[in-house]
Amino acid sequence: MGFALAHRLFLCGFTVVMGSRCPDKRNDTQLEIVSIVECIRRSPIIFVAIHPEHYIDSLVSHFDHEPSLFDGKILIDISNQTCEESHLNDSSNAERLQTAISNAFVVKAFNTISSFAMQSTTTGESCKVFVASDHSIMKNKVITLAREMNFDSFNAGSIRVARHLERNTKSLFPQWQIPIVITLVIISIWLTYTLCMSFISTRTTSWNQLFLHVANETLCSSAITMLAIVYMSSNLACIFQLVNGTRERRFPMWLDRWLLSRKQLGILTFALALSHSIMTLILITPAYYSSWFHPVEVMVSTVHNQTRIVVVASLMTAKGELASLLGILTQLCMSILAITSIPAIGNLLNWREWRFVQSKLGTMTLLLAIGHVVAMVMPYWIRNFRNLHLNKF
Ligand SMILES: Cc1cc2nc3c(=O)[nH]c(=O)nc-3n(C[C@H](O)[C@H](O)[C@H](O)COP(=O)(O)OP(=O)(O)OC[C@H]3O[C@@H](n4cnc5c(N)ncnc54)[C@H](O)[C@@H]3O)c2cc1C
Ligand code: HEM
């Protein structure tokens, strides 16, 4: 990170001096390398590119020896947490550095950028620099410095935010973990049910149909279950508020987490539903969905001792067309929800427009999905109802 920063700063026109415990041994760069004390003396802004375990012997020891060394200097702490078990109540590396060297202005920044992104102009990695400090003037100087280095820099708040910043780089999709587990559990339940129904209960399906037909049945049921889970949480939130007679009371932890996971759950729902739609469009033939099509008419005519077979192409029944239409509308609405959940698109909408799409169109999507299923099962219900009626008399 030290070399990457130094080269980037050099290319952006800054004068760079690097500090090392053994400057004589470092001949692997064209940049000037001096001792750590000399480097601190000569620089108004110091990037601390060393492991936090070495802060004491590499920095604080010099401060104890010569307290005025750090007077008015900006110390940019670029470290991350090395301890997996760190909690938000524990102080960050930046806070500890500020307490140890009280007359320096410690600023947390550049810890969210990799050395690879620092050196490469074509990297797809994030180039966002979050700047946190208790010294607002120095913080603004570092924000400007990061912009001059061609990064997008943001004021992240006080030095305490460093607790978040240092931990965040360590975690892998923290908000997605629970939604992904929930999705996998739902898929497993529906897969078990579908396999039991297809191969044990009715034995009407061949194993050849495992990868598309059986998978499709699993996906569609999982998609509608997930969609219901997304919107059920807001209804529970409403019930909770009605029971308590106030909107101000905090939700229980499980409901709070559920509400906050709706975006991730929604996007996973979209992925399942899209897979179902694509698979269906591949499979949609009378061979797979016989009840969606009129029975094929085969006319056999014998003329002059020759047999002619005329097969009339089968058209879709009203049930097939209605269910397809409602399925397509569901997919369309869900795509709009998914598109507006992309921050760059969502930011183009005002609060009311975003609420309208997510809340009203979202509920509409759920209703359309229910309509899609009802259109499929309605003929069975009507037939069963008629049979029941006839049996009575
Ligand atoms: C494809 C797809 C993408 C999605 N993308 C997103 C997304 O990007 N972001 C996102 O948030 N959701 C997303 N969702 C989920 C969902 O669309 C939204 O959460 C939507 O806003 C829910 O609207 P609602 O009317 O059901 O609930 P809300 O209007 O949120 O809640 C209903 C009621 O619950 C109570 N309530 C809920 N939250 C609070 C709170 N914090 N404080 C106090 N009261 C509260 C209020 O009484 C409120 O009237 C997505 C869903 C799908 C299917
Ligand atoms: C292009 C759009 C869509 C088409 C053409 C379509 C078509 C179909 C078909 C053919 C089936 C029968 C599957 C089978 O029995 O194996 C089906 C079932 C189902 N679809 Fe869709 N679908 C579409 C989109 C959606 C979407 C977006 C959802 C939303 C969640 C959805 C939810 C369901 C559900 C829950 C079932 C199961 C119904 C049952 O078991 O009775 N579909 N769909």
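Definitions and limits used
- Here, residues in each chain are numbered from 1, in the same order as that chain's written sequence.
- Labels are handed out in written order, letters beginning with A for the chains and numbers beginning with 1 for the ligands.
- Whole-chain, interface and lining totals are the exception, using all residues; otherwise, since this is a predicted model, local features are given only for residues with pLDDT of at least 70 and side-chain atom pairs are given and counted only at 80 or more.
- No hydrogens and no water enter the side-chain calculation; it runs on all heavy atoms of the structure.
- Where a domain begins and ends is set by an automatic assignment or by a domain database.
- Geometry is summarised by axes, namely lines fitted to C-alpha atoms with helices restricted to the contacting stretch, and by angles between N-to-C directions that run from 0 to 180 degrees.
- Helix numbers and strand numbers start at the N terminus; a helix is a DSSP run of H or I with at least 4 residues, a strand a run of E with at least 2.
- Angular relationships are summarised with four words: roughly parallel below 35 degrees, roughly antiparallel beyond 145, roughly perpendicular across 65 to 115, and oblique for the angles in between.
- Crossing chirality is assigned from the near helix's rotation relative to the far helix, an anticlockwise turn below a right angle marking it left-handed and a clockwise turn marking it right-handed.
- Contacts are assigned to residue pairs with any non-hydrogen atoms lying within 4.5 Å of each other.
- Polarity classes work like this: nonpolar for Ala, Val, Leu, Ile, Met, Phe, Trp, Tyr, Cys and Pro, charged for Asp, Glu, Lys and Arg, and polar for all others, with Gly in that last group.
- Proximity criterion: a residue is near a molecule or strand once any of its heavy atoms comes within 4 Å of it.
- We call two N or O atoms a polar contact when they sit within 3.5 Å, provided that within protein one can donate a hydrogen and the other can accept it, with sequence-adjacent residues counted only if both atoms are side-chain atoms.
- Only the protein chains shown count as cover for residues, and all accessible areas are computed by the Shrake-Rupley method using a 1.4 Å probe.
- What goes into a patch is any residue over 30% in relative accessible area without a salt bridge, connected to like charges within 9 Å or, for nonpolar side chains (Val, Leu, Ile, Met, Phe, Trp, Tyr), within 5 Å.
- By definition here, a salt bridge exists when the distance from a side-chain nitrogen of Lys or Arg to a carboxyl oxygen of Asp or Glu is within 4 Å.
- Donor selection uses N, O and S atoms within 2.8 Å of the metal (3.2 Å for Na, K and Ca). Since no water is included, sites may look incomplete.
- Angle rules define the geometry names used: all angles between 85 and 135 degrees makes four donors tetrahedral, while opposite donors over 155 degrees apart and all other angles between 65 and 115 make four donors square planar and six octahedral, leaving every other case irregular.
- Each residue is assigned to one of three classes by its accessible area relative to the maximum for its type, calculated with a 1.4 Å probe on protein chains only: buried under 20%, partly exposed between the two thresholds, exposed over 50%.
- Among buried residues, the Ala, Val, Leu, Ile, Met, Phe, Trp, Tyr and Cys ones that are joined through side-chain atoms within 4.5 Å form a nonpolar core.
- UniProt positions are given in the numbering used here, feature names are shortened, and annotations may be inferred rather than shown by experiment.

As named in an unreviewed UniProt entry, the chain is Pyrroline-5-carboxylate reductase catalytic N-terminal domain-containing protein, taken from Rotaria sordida.

A.B. asks: Please clarify how the domain arrangement of the chain should be interpreted in this entry.
C.D. replies: The figure often quoted for interface size is the accessible area lost as the parts come together. Split by domain assignment, the chain resolves into domain 1 (2-168) and domain 2 (177-392). Just the C-alpha atoms count here: the centres of domain 1 and domain 2 sit 52 Å apart.

A.B. asks: Looking at this structure, how should I read the packing of helix α8 (residues 177-201) against helix α9 (residues 210-244)?
C.D. replies: The description of two packed helices rests on the angle between their axes and on the distance between the axes. Viewed as axis vectors pointing N to C, α8 and α9 meet at an angle of 135°, and their least axial separation amounts to 9 Å. Between α8 and α9, the angle falls in the class oblique. Where α8 crosses over α9, the handedness of that crossing is right-handed. Here α8 contributes Ile182, Thr183, Ile186, Ile187, Trp190, Leu191, Thr194, Leu195, Ser198 and Phe199 to the contact with α9, which in turn contributes Leu210, Val214, Glu217, Thr218, Ser221, Ser222, Thr225, Met226 and Ile229. Class assignment of the residues belonging to the contact of α8 with α9 gives a composition of 11 nonpolar, seven polar and one charged.

A.B. asks: Could you clarify how one ought to interpret the site of ligand 2 in this entry?
C.D. replies: Around ligand 2 there are 19 residues in total, and Glu217, His276, Thr280, Trp292 and His372 lie nearest to it. The side chain of His276 places a nitrogen or oxygen atom 2.9 Å from a nitrogen atom of ligand 2. At a separation of 2.8 Å, a nitrogen atom of ligand 2 approaches a polar side-chain atom of His372. The element best represented in the shell around ligand 2 is α9, accounting for five residues. Split into classes, the residues belonging to the shell around ligand 2 amount to 10 nonpolar, eight polar and one charged.

A.B. asks: How should I be thinking about the site of ligand 1 in this particular structure?
C.D. replies: Contacts to ligand 1 come from 21 residues, most closely from Tyr231, Ser234, Gln241, Arg355 and Ser359. Take Tyr231: an N or O atom from its side chain is 2.7 Å from an oxygen atom of ligand 1. At 2.4 Å from an oxygen atom of ligand 1 is found a side-chain nitrogen or oxygen belonging to Ser359. Alone, ligand 1 offers 960 Å² of accessible surface; in the complex the protein occludes 78% of this. Secondary-structure elements contributing two or more residues to the shell around ligand 1 are α9, α11 (262-283), α12 (318-340) and α14 (351-392).

A.B. asks: Where do I start with the packing of helix α10 (residues 253-260) against α11 in this structure?
C.D. replies: Contact geometry of α10 with α11 gives a least axis separation of 5 Å together with a crossing angle of 50°. With respect to their mutual orientation, α10 and α11 come out oblique. Between α10, through Trp258, Leu259 and Leu260, and α11, the contact on the second element is made entirely by Arg262, Gln264 and Leu265. Of the residues belonging to the contact of α10 with α11, the class tally is four nonpolar, one polar and one charged.

A.B. asks: Help me out: how do you make sense of a nonpolar patch on the surface in this one?
C.D. replies: There is a patch of nonpolar side chains on the surface, built from Val296, Val298, Val300, Ile309 and Val311 and spanning about 470 Å² of accessible area. Relative to the assigned elements, Val298 resides in strand β8 (residues 297-303).

A.B. asks: Teacher, can you tell me more about the coordination of the iron atom of ligand 2 here?
C.D. replies: Ideal values for angles at a metal depend on the geometry: 109.5 degrees with four tetrahedral donors, 90 or 180 degrees with six octahedral donors. Distances from the iron atom of ligand 2 to its protein donors, His276 (NE2) and His372 (NE2), fall within 2.0 to 2.1 Å. Seen from the iron atom of ligand 2, its six donor atoms lie at angles of 89 to 179°, and the figure they make is octahedral. Note that His276 is positioned in helix α11 and His372 in helix α14, a separation of 96 residues in sequence. Judged by relative accessible area, which is 14%, His372 ranks as buried.

A.B. asks: What is the right way to read the side chain of Gln241 from this model?
C.D. replies: By the element assignment, Gln241 lies in helix α9. Excluding residues that lie within four positions of it along the chain, Gln241 makes contacts with Thr246, Arg247 and Phe251.

A.B. asks: Hey, could you run me through the nonpolar core in this one?
C.D. replies: Generally speaking, soluble globular proteins have nonpolar side chains that are buried together. In this structure, Met226, Leu227, Tyr231, Leu255 and Leu265 are the most contacted members of the largest nonpolar core, which totals 35 residues. Elements represented by at least two residues in this core include exactly α9, α10, α11, α12 and α14. With residues near it in sequence (within four places) discarded, Leu255 still touches Ser233, Leu236, Ala237 and Phe240. One finds Leu5, Met18, Ala109 and Val131 within the second-largest nonpolar core, a separate group that totals 27 residues.

A.B. asks: Sorry if this is basic, but what is going on with the UniProt feature "domain: Pyrroline-5-carboxylate reductase catalytic N-terminal" (unreviewed entry) in the chain here?
C.D. replies: The UniProt entry lists residues 1-80 under the feature "domain: Pyrroline-5-carboxylate reductase catalytic N-terminal" (unreviewed entry), expressed in the numbering used here. Annotated as 35% helix and 20% strand, the span residues 1-80 places its first and last C-alpha atoms 12 Å apart.

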